[in-house]
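Here is what each chain is made of, one letter per residue.
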Amino acid sequence: MAVTSEASLRYSTHPLDKYLRADRLPHIWCSGCGIGVALGSILRAIDRRVREGSLDPSKVVFVTGIGCSARASFYVGFDSAHTIHGRAIAFASGAKLANPELQVMVVGGDGDIAGIGGNHLIHAARRNLDIIVFMITNFVYAMTGGQLAPTTPQGLYTTTTPHGNPERPLNVIKLVSALMPNYVARASITHPPLIEQYTYKALGMEGFRFIEIMSTCPEVFGRHAGYRDPVTLYNVLRSKVRVKQNPHVDESELSWESGIVLGEYLIRNEPGYVRKLKEVVR
Ligand SMILES: Cc1ncc(C[n+]2csc(CCOP(=O)(O)OP(=O)(O)O)c2C)c(N)n1
Ligand code: SF4
């Protein structure tokens, strides 16, 4: 386990450096990309849990697929697996079932988690499988050049919908909530403390926990949609999102016009899959 790798200790200048593989820096993310804000907030929540003694960093596992967001597993100092596009949840399921003591976390883009990996998402949520899934929604398949993603709001330009997206976006919050896992929330890189707060909470729960993080991709999404400047795109996203206490799932629509509601959509305390499986085996 690499949390205190020699390289990390040697270059340690930031409180979160101990959770990073400094030898793999600099990272690939473009200037102004929101993914770093998302990862930083997740790491701060992990750090809080570690410092208060409720999380052993040697038990944390990061699993990712492919994409800009999925690169997160490259840089964290935890045991990690950078797997294949769309299959991170399948790998994470195997890791958790093989060793239930692990705190298994998946990070991926909206294309990775809800597009190509959508089937795994559905069944992990249905099983209330004990993993945390972070879906970083930047509205496109970014790493491959900005193609239409299942989450692209209607009417928006992408490289594969140059006249505007004619499709209705997939409301992943509503989809996952319908499967009744233990936790469903939506945060945004414009509100880092919210990401940290929801992650901290999810780390203290069992069962399937899903956190969508609205994010910015100035390089691909922003450039094509007319918001190439990272600050402009940040401000656009900031103007679209609004935080609500205990929002109803019917308010979770991904709409560029009427806005995007952040908040905790579902909180349950049902036994997770591992506990249920153990009961059956017993
Ligand atoms: C099976 C498979 N299909 C397609 C690709 C090509 N591919 C690599 S990254 C990517 C897009 C990733 O988009 P997303 O998951 O939304 O993450 P982002 O880059 O936006 O963070 C695609 C289509 C691949 N690597 N493997
Ligand atoms: S292409 Fe977009 S999502 Fe990928 S690193 Fe650059 S800004 Fe971030």
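Residues numbered from 1 in each chain as written. Chains lettered and ligands numbered in written order. Predicted model: local features only at pLDDT ≥ 70, side-chain atom pairs only at ≥ 80, totals over all residues. Heavy atoms only, no water.

A.B. asks: Would you mind showing me how to read the overall build of the protein chain here?
C.D. replies: When helices and strands are counted, the protein chain shows eleven helices and ten strands. By the compact-globule yardstick of 19 Å for 282 residues, the protein chain fits well, its C-alpha radius of gyration being 18 Å. Dimensions of the protein chain, computed from the C-alpha atoms along their principal axes, are close to 55 × 45 × 35 Å. A total of 282 residues make up the protein chain; the buried ones form 54% of that total. Taking contacts inside the protein chain between residues at least 6 apart in sequence as the whole, the part at least 24 apart equals 67%. Distance between charge centres in the protein chain, computed from 30 positive and 24 negative side chains, equals 2 Å. (Helix = DSSP H or I, 4+ residues; strand = E, 2+ residues; numbered from the N terminus. Rg over C-alpha atoms; globule rule 2.2 N^0.38 Å. Buried < 20%, exposed > 50% of the residue type's maximum accessible area, 1.4 Å probe, protein only. Contact = heavy atoms within 4.5 Å. Lys, Arg positive; Asp, Glu negative; His and termini not counted. Charge placed at Lys NZ, Arg CZ, Asp CG, Glu CD.)

A.B. asks: Would you mind showing me how to read the site of ligand 1 here?
C.D. replies: In the vicinity of ligand 1 there are 16 residues, among which Cys68, Ser69, Gly111, Asp112 and Met143 approach most closely. Interatomic distance of 2.9 Å between a backbone N/O atom of Gly111 and an oxygen atom of ligand 1. With respect to ligand 1, the backbone of Ala142 contributes an N or O atom lying 3.0 Å from an oxygen atom. Of all the secondary structure elements, the ones that give two or more residues to the shell around ligand 1 are helix H5 (110–116) and strand S5 (140–141). With four residues, the top contributor of residues to the shell around ligand 1 is H5. (Near = heavy atom within 4 Å. Polar contact = N/O pair within 3.5 Å; in protein donor to acceptor, adjacent residues only side chain to side chain.)

A.B. asks: Sorry if this is basic, but what is going on with the site of ligand 2 here?
C.D. replies: By nearness alone, every residue bordering ligand 2 is listed as Trp29, Cys30, Cys33, Ile35, Cys68, Asn138, Ala142, Cys217, Pro218, Glu219 and Val220. Among the elements that take part in the shell around ligand 2, helix H9 (residues 218–225) stands out by supplying three residues, more than any other.

A.B. asks: Looking at this structure, I do not really get the packing of helix H2 (residues 35–51) against helix H8 (residues 192–203). What am I missing?
C.D. replies: Two numbers describe a pair of packed helices, the interaxial angle and the distance between the axes. Look at H2 against H8: their axes get within 8 Å of each other, and the N-to-C directions meet at 45°. Classed by the angle they form, the pair H2 and H8 counts as oblique. The two elements H2 and H8 cross, and the hand of that crossing is right-handed. Along its contact with H2, which presents Val37, Ala38, Ser41, Ile42, Arg44, Ala45, Ile46, Arg48 and Arg49, the element H8 presents Pro192, Ile195, Glu196, Thr199, Tyr200, Lys201 and Leu203. Looking at the contact of H2 with H8 residue by residue, the classes come out as nine nonpolar, two polar and five charged. (Axes fitted to C-alpha atoms, helices over the stretch in contact; angles between N-to-C directions. Parallel < 35°, antiparallel > 145°, perpendicular 65-115°, else oblique. Left-handed = near helix turned anticlockwise from the far one by under 90°. Nonpolar A, V, L, I, M, F, W, Y, C, P; charged D, E, K, R; others polar.)

A.B. asks: Looking at this model, I keep getting lost on the nonpolar core. Mind explaining?
C.D. replies: Nonpolar side chains in soluble globular proteins tend to end up buried together. Counting residues in each nonpolar core, the largest one holds 52 residues, and the members touching the most others are Leu43, Ile46, Phe62 and Met105. Ala88, Ala124, Ala125 and Phe210 belong to the second largest nonpolar core, which has 27 residues in total. (Core = buried A, V, L, I, M, F, W, Y, C linked by side-chain atoms within 4.5 Å.)

A.B. asks: I would appreciate a short explanation of the environment of Ala114 in the present structure.
C.D. replies: Following the sequence through the fold, Ala114 ends up in helix H5. Spatially, the C-alpha atom of Ala114 lies 9.9 Å from that of Leu175, the residues being 61 residues apart in sequence. Excluding residues within four positions of it along the chain, Ala114 makes contact with Gly109, Met135, Pro150, Leu170 and Val172.

A.B. asks: Would you explain the environment of Val243 in this entry?
C.D. replies: By the element assignment, Val243 lies in strand S9 (residues 241–243). Remark: the alpha-carbon pair of Val243 and Ala187, spanning 56 residues in sequence, is separated by 8.4 Å. Setting aside chain neighbours within four positions, we find Val243 in contact with His191, Leu194 and Leu262.

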